[in-house]
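Summary of structural features
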Amino acid sequence: MVTLRAARQSDAPAIARVHVESWRTTYAGMLPDSYLLSLDVDQRTVFWARLLKPRGDSVVVAEDEKAGVIGFGSCGPIRPEEQPQSGDGWLGEIYTLYLLSDWHGQGLGRSMLDWLLQRLRARGLDRILLWVVEANPTRFFYEAMGAKVIARRREPFAGVLLDELAYGWSPS
Ligand SMILES: CC(C)(COP(=O)(O)OP(=O)(O)OC[C@H]1O[C@@H](n2cnc3c(N)ncnc32)[C@H](O)[C@@H]1OP(=O)(O)O)[C@@H](O)C(=O)NCCC(=O)NCCS
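Quick notes on the packing of aromatic side chains
According to the stated counting rule, one finds 12 aromatic pairs in the structure shown. Ring plane angle 55° and centroid distance 6.4 Å describe the contact between Trp 23 and Tyr 35, whose orientation is recorded as tilted. Residue Trp 23 is found in helix 1 (residues 12–27), and its partner Tyr 35 is found in helix 2 (residues 33–38); the two are separated by 12 residues along the sequence. We classify Trp 23 as buried; its relative accessible area is 14%.

This is how it looks when you write it as structure tokens:
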């Protein structure tokens, strides 16, 4: 059985493992192999441990009773550099949402996203945005979750130029 809960600092190594594994499966062919191969679970563990200390309540983990942590997502106030140039005053941001590929298609992505959206709305951050690589078919998941394309950009990342779309949820 899989349950969702707020992350604890002790989850950092498990989140880092899912992070590296899911980046490799998600971005193969979109980001250079050399970059994906260089992702390092120990480095990511340090990153997540630092972040979870003050902000664990904005990070969700999906945990299977046998397999352990199989997915995670994070959210918070929009980072200034992620605000679209149109400057529409987006307030909240989904920073990450990743689930190991063996666990796709069971409704867990929807549940994790709902958890994050609720967390942001409870803080009054009710105009919520996320950026996704246009070539990533996951963008159709966000469309299925009711988000609308509200901006696009071309960003340098890991030595390549990525076309990205911003999806937004506004209060109705
Ligand atoms: C995004 C992700 C978390 C979705 O998780 P999931 O558990 O597979 O999705 P769910 O099973 O909850 O799907 C919910 C709905 O979205 C739809 N959906 C999911 N992925 C989809 C896709 N790629 N294209 C179209 N629809 C999709 C499902 O069919 C389902 O629709 P339904 O409610 O009508 O049946 C998962 O695909 C993932 O981890 N992807 C790789 C990582 C990634 O790209 N993260 C985003 C970076 S911005």
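Quick word on the site of the ligand
Surrounding the ligand, one finds 22 residues, the nearest of these being Leu 97, Gly 105, Gly 109, Arg 110 and Asn 136. Gly 105 places a polar main-chain atom, nitrogen or oxygen, 2.8 Å from an oxygen atom of the ligand. Note that an oxygen atom of the ligand is positioned 2.9 Å from one of the side-chain N or O atoms of Thr 138. Protein chains bury 71% of the 940 Å² of accessible surface belonging to the ligand in isolation. At the level of secondary structure, the elements contributing two or more residues to the shell around the ligand comprise helix 1, strand 4 (92–99), helix 4 (108–122), strand 5 (128–133) and helix 5 (138–144). No other element matches the 5 residues that helix 5 contributes to the shell around the ligand. Looking at the shell around the ligand residue by residue, the class counts come to 13 nonpolar, 8 polar and 1 charged.

Quick notes on the pairing of strand 7 (residues 160–169)
Burial within strand 7 is extensive, with 7 of its 10 residues counted as buried. Bridge analysis of strand 5 against strand 7 gives 6 bridges, and the strand direction is antiparallel. Considered in strand 7, the bridge of Trp 131 is made with Ala 166. Relative to strand 7, strand 6 (residues 148–157) runs antiparallel, the two being bridged by 9 bridges. Looking across to strand 7, one finds that Arg 154 is bridged to Asp 163. In this structure, the hairpin formed by strand 6 and strand 7 is closed by a connection of 2 residues, where Ala 158 is found at a positive phi of approximately 50°.

Points about the pattern of salt bridges
Applying the stated criterion across every chain yields a total of 8 salt bridges. Taking the shortest distance from any N to any O, the salt bridge between Asp 11 and Arg 5 comes out at 2.8 Å. Of the residues examined, Asp 11 reaches a relative accessible area of 6% and is grouped as buried. Overall, the relative accessible area of 15% leaves Arg 5 in the buried class.

Some details on the nonpolar core
Ranked by size, the top nonpolar core spans 49 residues in total, and within it Ile 15, Tyr 27, Trp 48, Ile 94, Leu 113, Tyr 142 and Trp 169 carry the most contacts. Sorting the residues of this core by element identifies helix 1, helix 3 (41–55), strand 2 (59–64), strand 3 (68–77), strand 4, helix 4, strand 5 and strand 7 as the ones contributing at least two each. Looking at this core, the element that brings in the most residues is helix 1, giving 8 residues. Among all residues touching Tyr 142, those that are not within four sequence positions of it are Leu 97, Leu 113, Leu 130, Val 132, Ala 147, Tyr 167 and Trp 169. Counting residues in each nonpolar core, the second largest holds 6 residues, with Ile 78, Trp 131, Ala 151 and Ala 166 among its members.

A short note on the sheet that holds strand 6
Remark on secondary structure: sheet strands pair via backbone hydrogen bonds, oriented parallel or antiparallel. What the 7 strands build is an open sheet, ordered 1-2-3-4-5-7-6; its pairing is mixed. Among the strands making up the open sheet, the edge pair consists of strand 1 (2–6) and strand 6. The mean inter-strand angle of the sheet, taken between neighbouring strand axes irrespective of direction, is 25°. In this fold helix 1 packs onto strand 2, strand 3, strand 4, strand 5 and strand 6, with an angle of close to 85° to the strand it touches most, strand 3. Together, strand 1, strand 2, strand 3, strand 4, strand 5 and strand 7 form the strand contacts of helix 4, whose direction differs from that of strand 4 by roughly 160°.

Thresholds, definitions, all that
- Residues numbered from 1 in each chain as written.
- Predicted model: local features only at pLDDT ≥ 70, side-chain atom pairs only at ≥ 80, totals over all residues.
- Heavy atoms only, no water.
- Phe/Tyr/Trp six-rings, centres within 6.5 Å; stacked < 30°, edge-to-face > 60°.
- Helix = DSSP H or I, 4+ residues; strand = E, 2+ residues; numbered from the N terminus.
- Buried < 20%, exposed > 50% of the residue type's maximum accessible area, 1.4 Å probe, protein only.
- Near = heavy atom within 4 Å.
- Polar contact = N/O pair within 3.5 Å; in protein donor to acceptor, adjacent residues only side chain to side chain.
- Areas by Shrake-Rupley, 256 points an atom, 1.4 Å probe, with all protein chains shown as cover.
- Nonpolar A, V, L, I, M, F, W, Y, C, P; charged D, E, K, R; others polar.
- Pairing = 2+ DSSP bridges.
- Salt bridge = Lys/Arg side-chain N within 4 Å of Asp/Glu carboxyl O.
- Core = buried A, V, L, I, M, F, W, Y, C linked by side-chain atoms within 4.5 Å.
- Contact = heavy atoms within 4.5 Å.
- Axes fitted to C-alpha atoms, helices over the stretch in contact; angles between N-to-C directions.

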